[in-house]
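Here's the letter readout for the chains.
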Amino acid sequence: MLFVACSHDDEDRPAPDVETVRLIISVPATSASTRMGDPGTAVDEGPDWDRLAVILAYSDNSKVRTTTITQKQFNALPAYNGNANFKLLAIDAEPGTVYIYGVTYSDAAANNPADAIAGCTTNAEVQALTISNAYSEDNGTIDYSKFVSVATGYYKESGNGPAEFVIKEGGTGEVGNNIPTMTLTRLAAKIDIQWDAAEAYEDGYTDVKVKDFEYHGSEQGQLFPDLSPATGATLKKWTFYNTSEISQRNGRVYHYTFPDGTYINGTTTAGGVTVPSVTFNISAIPNGQTTTNTYTYTLNFQSALQKATWYKVNATIRGITGSGTITLSMDNTGVQTGE
């Protein structure tokens, strides 16, 4: 099945010689066992995307070629060796050495990366592509089923960086005897915050409430955070209000965000990578008093968020003795905890 990237060359300009390149592409699975999060979450994490952009960035920075197909066209592609999780895509491209990237998104979603992708002219610009954390927002509400369906990836042979692929004149569109494979993974990180004030009541506090809290993070994420971290992120805060009495005492909320960089082996890469935080505003009446006191507590993550990672924060409220800052630590189960 053949899809050819559009060309905007003048009609009197001779068409460039092209070769057929065959790729094996995998996108995130959609079964319940592969969802990013715990069973029963209300957020639909199914395949809510309708565009797949395959980007060829030439290593000499002469051009970038993008082929975009619909999800329906992707699903209709032949399975590779009978494996439905891997699809075989053929595209035409000029000979040369290229890096291969892929992005899924929804064409109708607000702040989608289609125009940014189309505007790329060099490999560095492709690697530096960003995506707004207001992606799929409509009247202040994020469509999280679309948000978590954004997936990115690139062709690589070993290690973390993209590998070069040579499109040869009269070639087979393969590397040796193998067809190049590109695996896309979900981009968004999931922050799952749960709080419980039961122990504060046991210690004599009354009217304990978490009326609202804020997540502080980057306004934009990187489409390829492990390749090109942010160089100067703009920070933004998202406020979550707990309107019911029961949710103010104990509750749970999910927030999804696109990471703007990555940490490798415990050290930050160059750039302005954001390390997020969560601020709780807790009010209560201490034992023996009649006045409500309100304090602010900030939970700081230790490092930048990783893509397609679930961060669970368990906050146990035992009392309010003054404002404070808590650095979240990772226990041996991989859960972020703070009290």
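Check the entry above for the structure.
About the thresholds
Residues numbered from 1 in each chain as written. Predicted model: local features only at pLDDT ≥ 70, side-chain atom pairs only at ≥ 80, totals over all residues. Heavy atoms only, no water. Helix = DSSP H or I, 4+ residues; strand = E, 2+ residues; numbered from the N terminus. Buried < 20%, exposed > 50% of the residue type's maximum accessible area, 1.4 Å probe, protein only. Contact = heavy atoms within 4.5 Å. Areas by Shrake-Rupley, 256 points an atom, 1.4 Å probe, with all protein chains shown as cover. Polar contact = N/O pair within 3.5 Å; in protein donor to acceptor, adjacent residues only side chain to side chain. Pairing = 2+ DSSP bridges. Axes fitted to C-alpha atoms, helices over the stretch in contact; angles between N-to-C directions. Phe/Tyr/Trp six-rings, centres within 6.5 Å; stacked < 30°, edge-to-face > 60°.

Draft legend 1. Main features of the overall build of the chain. Scanning the chain for helices and strands turns up 6 helices and 27 strands. Taking all 339 residues of the chain together, 46% fall into the buried category. Of the contacts made within the chain by residues no fewer than 6 positions apart, 75% connect residues no fewer than 24 positions apart. When the accessible surface of the chain is split by element, carbon and sulfur atoms take 46% of a total near 16300 Å².

Draft legend 2. Broad picture of the environment of Gln 222. Structurally, the position occupied by Gln 222 is in strand S17 (residues 220-222). What makes Gln 222 buried here is its relative accessible area of 6%. Within polar-contact distance, the side chain of Gln 222 engages the backbone oxygen of Ser 228 at 2.8 Å.

Draft legend 3. Looking closely at the sheet that holds strand S22 (residues 277-285). With mixed pairing, the 5 strands of this open sheet are ordered in space as S18-S16-S22-S23-S25. The open sheet has two edge strands, strand S18 (235-241) and strand S25 (324-327), and neither has a second partner. Strand-to-strand, the axes of this sheet are offset by a mean angle of 25 degrees, without reference to chain direction. Across 8 bridges, the pairing between strand S16 (residues 206-218) and S22 is antiparallel.

Draft legend 4. Molecular detail of the packing of aromatic side chains. Applying the stated criterion across every chain yields a total of 15 aromatic pairs. Members of the aromatic cluster, connected to one another through ring pairs, are Tyr 135, Tyr 144, Phe 147, Tyr 256 and Phe 258.

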